[in-house]
Amino acid sequence: MNTAKQIEHLKQLLTGNRKSDRYVIFKCIDEAVTNNETEVLNECMRIAVNYMPNNPEDMMDEFSKYEETYTIAFLHITLFQEVSLFKRISLMNYLIKYVSKKEEIERQGETPLYAFDSPFQKQLFDKLTGNRFKYSESTYPYYLIYSQYALLLTEYGDHANAYQYYSKAHVTNPMSTEVLFQLLILFKQSRQSEDLFRLGQWMLNVASTTKGIAHALQMMAYSLYLDGKFEESYAFFFQSLKYDENPYPGLNDEINGVLTALKREDPYNLSKVDISNLFIGKTYKPQANELVFDVMREYIIVEFTKQNYLEVLQYSHEYMKIRPRDSKVSNIHKKALEALN
């Protein structure tokens, strides 16, 4: 069914009762997200905007009843650029109130409550902490909601509260490199070298994509530059370029700044031995965490036996960028592709 027919079908289901109609529209948003139908999603959100009450509190009973569907709808509508920023923040203010109450109920005392993105994130966290860390787990997207609210606050210019909610997002999912990167940007802007390095090191420890590794290395490089450790800073920048397919604007200027501090005119190469010697006795090095990819390898193999081929392809694609000579994973990747075609 094409977009026009789907939207016409949706309109035929509307009865004039705003509460019941709202659920039907939000369900349409939910299904469009699941089916990756961007045009249908946008049309549904345009209709949804006209069915939103002036006071979001009026939806409290609906939200509690249809929590999953309403949460998904809110998350997409609050990023819909056709809705005014003021209206999007107003809707998110309501969602934040709802989420804060829900988190209080779901959290068990002082035990941390985590909402990981995927089973792989949980498996990696447990491996990194040696299964010694007690926590409760939730399937509700707390960190996604907090980080999205922070994004809106940043757009509004409220950077102080944006930091607060990015921090809450990090607390509910310490494995999210997207949230870590946003926090690192704020630390970088305020030139907080200690926090920039500490959080960058954690991001490097958990990063499972080449993009995440590159960003972590670059943030740590900038921190080292701020601290006057120019040779180490250059080494981190140098290594990051091996992982970075799309360097961010301004990266060359940052590297040139380090070269100027080193009184060198041109970039220079560093061998593995050079880098090893430079970081002898240090607790940090400009390299990806191999444990991440050990865990990823195990995860890929298990998911392949479960015939979760899309999951296999997602992780094997990144894995092979780091370990291209792993014939077993390469073979699994090939077989997963064949199974889906």
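What comes next is a walk through the structure. (Residues numbered from 1 in each chain as written. Predicted model: local features only at pLDDT ≥ 70, side-chain atom pairs only at ≥ 80, totals over all residues. Heavy atoms only, no water.)

### Considerations on the state of the cysteines
Then, number 1: By the definition in use, this model includes one disulfide.
Then, number 2: Here Cys28 is linked by a disulfide to Cys44, with a sulfur-sulfur distance of 2.2 Å. Of this pair, Cys28 sits in helix H2 (residues 18–34) while Cys44 sits in helix H3 (residues 38–49), placing them 16 residues apart in sequence.
Then, number 3: With a relative accessible area of 12%, Cys28 lands in the buried category.
Then, number 4: On the accessibility criterion, Cys44 (0% relative accessible area) is buried. (Disulfide = S-S within 2.5 Å. Helix = DSSP H or I, 4+ residues; strand = E, 2+ residues; numbered from the N terminus. Buried < 20%, exposed > 50% of the residue type's maximum accessible area, 1.4 Å probe, protein only.)

### So, the packing of aromatic side chains
Then, number 1: Considering all chains together, one arrives at 33 aromatic pairs under this definition.
Then, number 2: Here Phe116 and Phe125 contribute two aromatic rings whose centre-to-centre distance is 5.5 Å and whose plane-to-plane angle is 45°, an arrangement assigned as tilted.
Then, number 3: Judged by relative accessible area, which is 4%, Phe125 ranks as buried.
Then, number 4: Joined through ring pairs, the aromatic side chains of Tyr23, Phe26, Phe63, Tyr66, Tyr70, Phe74, Tyr94 and Tyr98 make up one cluster.
Then, number 5: The ring of Tyr146 has Lys168 lying over it, and the distance from NZ or CZ to the ring centre is 4.9 Å.
Then, number 6: Over the ring of Tyr268 we find Arg264; its NZ or CZ atom is 3.8 Å from the centre of that ring. (Phe/Tyr/Trp six-rings, centres within 6.5 Å; stacked < 30°, edge-to-face > 60°. Lys NZ or Arg CZ within 6 Å of the ring centre and 35° of its normal.)

### As for unusual backbone geometry
Then, number 1: Of note, the phi angle at Asn36 is positive, near 55°, even though the residue is not glycine.
Then, number 2: You can see Asn36 is positioned in the loop between H2 and H3.
Then, number 3: The exposed category is assigned to Asn36, whose relative accessible area is 64%.
Then, number 4: The residue Gln307 is not glycine, and still its phi comes out positive at about 65°.
Then, number 5: The residue Gln307 is located in the loop between helix H16 (290–305) and helix H17 (309–322) in this model.

### Details of the side chain of Ser136
Then, number 1: Along the chain, Ser136 falls in strand E2 (residues 136–137).
Then, number 2: You can call Ser136 buried: its relative accessible area is 10%.

### Things to note about the pattern of salt bridges
Then, number 1: Across all of its chains, the model carries 18 salt bridges by this definition.
Then, number 2: For Asp294, the salt bridge identified is with Arg323, shortest N-O distance 2.8 Å. Here Asp294 is found in helix H16, whereas its partner Arg323 is found in the loop between H17 and helix H18 (327–340), with 29 residues between them in sequence.
Then, number 3: By relative accessible area, Asp294 is classed as partly exposed at 36%.
Then, number 4: Here the residues in one salt-bridge network are Glu43, Arg46 and Glu82, joined through shared partners. (Salt bridge = Lys/Arg side-chain N within 4 Å of Asp/Glu carboxyl O.)

### So, H16
Each turn of an α-helix holds 3.6 residues, which means side chains three or four residues apart point in the same direction.
Then, number 1: A rise of 1.5 Å per residue sets the reference length of H16, with its 16 residues, at 22 Å; its end C-alpha atoms lie 23 Å apart and thus fit the reference within 8%.
Then, number 2: Turning to H16, its buried residues are Val292, Phe293, Val295, Met296, Tyr299, Ile300 and Glu303. Down the axis of H16, the buried side of the element spans an arc of 155°, and every buried residue falls inside it.
Then, number 3: Turning to H16, the residues buried within the fold contact helix H7 (119–128), helix H11 (193–206), helix H12 (210–226), H17 and H18. (Expected span 1.5 Å × (residues − 1). Arc of directions from axis to C-beta. Contact = heavy atoms within 4.5 Å.)

### Section: the environment of Leu262
Then, number 1: Position of Leu262 relative to the elements: it lies in the loop between helix H14 (251–261) and helix H15 (272–278).
Then, number 2: The exposure class assigned to Leu262 is partly exposed, which follows from its relative accessible area of 21%.
Then, number 3: Separated by 110 residues in sequence, Leu262 and Leu152 have C-alpha atoms that sit 40 Å apart.
Then, number 4: Residues in contact with Leu262, not counting those within four places in the same chain, are Phe230, Glu231, Tyr234 and Tyr268.

### A closer look at the layout of surface pockets
Then, number 1: Here the largest pocket defines a volume of roughly 540 Å³.
Then, number 2: Together, 20 residues line the largest pocket, and Ile72, Leu75, Thr139, Pro141 and Leu144 are the ones closest to its centre.
Then, number 3: Those elements that provide at least two residues to the lining of the largest pocket are H2, helix H5 (67–77), helix H6 (85–106) and helix H8 (142–156).
Then, number 4: For the lining of the largest pocket, the leading source of residues is H5, giving six residues.
Then, number 5: Split into classes, the residues belonging to the lining of the largest pocket amount to nine nonpolar, five polar and six charged.
Then, number 6: Size it by volume and the second largest pocket reaches roughly 310 Å³.
Then, number 7: Around the second largest pocket sit 15 residues that line it, and Gln121, Ser208, Thr209, Gln314 and Tyr315 are the ones nearest its centre.
Then, number 8: Listed by contribution, the elements that provide at least two residues to the lining of the second largest pocket are H7, helix H10 (177–189) and H17.
Then, number 9: Residues belonging to the lining of the second largest pocket are distributed by class as follows: six nonpolar, six polar and three charged. (1 Å grid on protein atoms, 1.4 Å probe; cavity = no way out; pocket = protein on both sides within 12 Å on 5 of 7 lines; lining within 4 Å. Points joined across faces, edges and corners; volume = space filled by probe spheres on them. Nonpolar A, V, L, I, M, F, W, Y, C, P; charged D, E, K, R; others polar.)

### Overview of the packing of H12 against helix H13 (residues 230–240)
Then, number 1: H13 packs onto H12 with a crossing angle of 165° between their chain directions and a minimal axis gap of 8 Å. In this view, H12 runs roughly antiparallel relative to H13, as classed from their interaxial angle. Crossing hand, H12 versus H13: left-handed. Counted together, Ala214, Leu217, Gln218, Met220, Ala221, Tyr222, Leu224 and Tyr225 of H12 and Phe230, Glu232, Ser233, Phe236, Phe237, Gln239 and Ser240 of H13 form the full contact between these two elements.
Then, number 2: A per-class count over the contact of H12 with H13 returns ten nonpolar, four polar and one charged. (Axes fitted to C-alpha atoms, helices over the stretch in contact; angles between N-to-C directions. Parallel < 35°, antiparallel > 145°, perpendicular 65-115°, else oblique. Left-handed = near helix turned anticlockwise from the far one by under 90°.)

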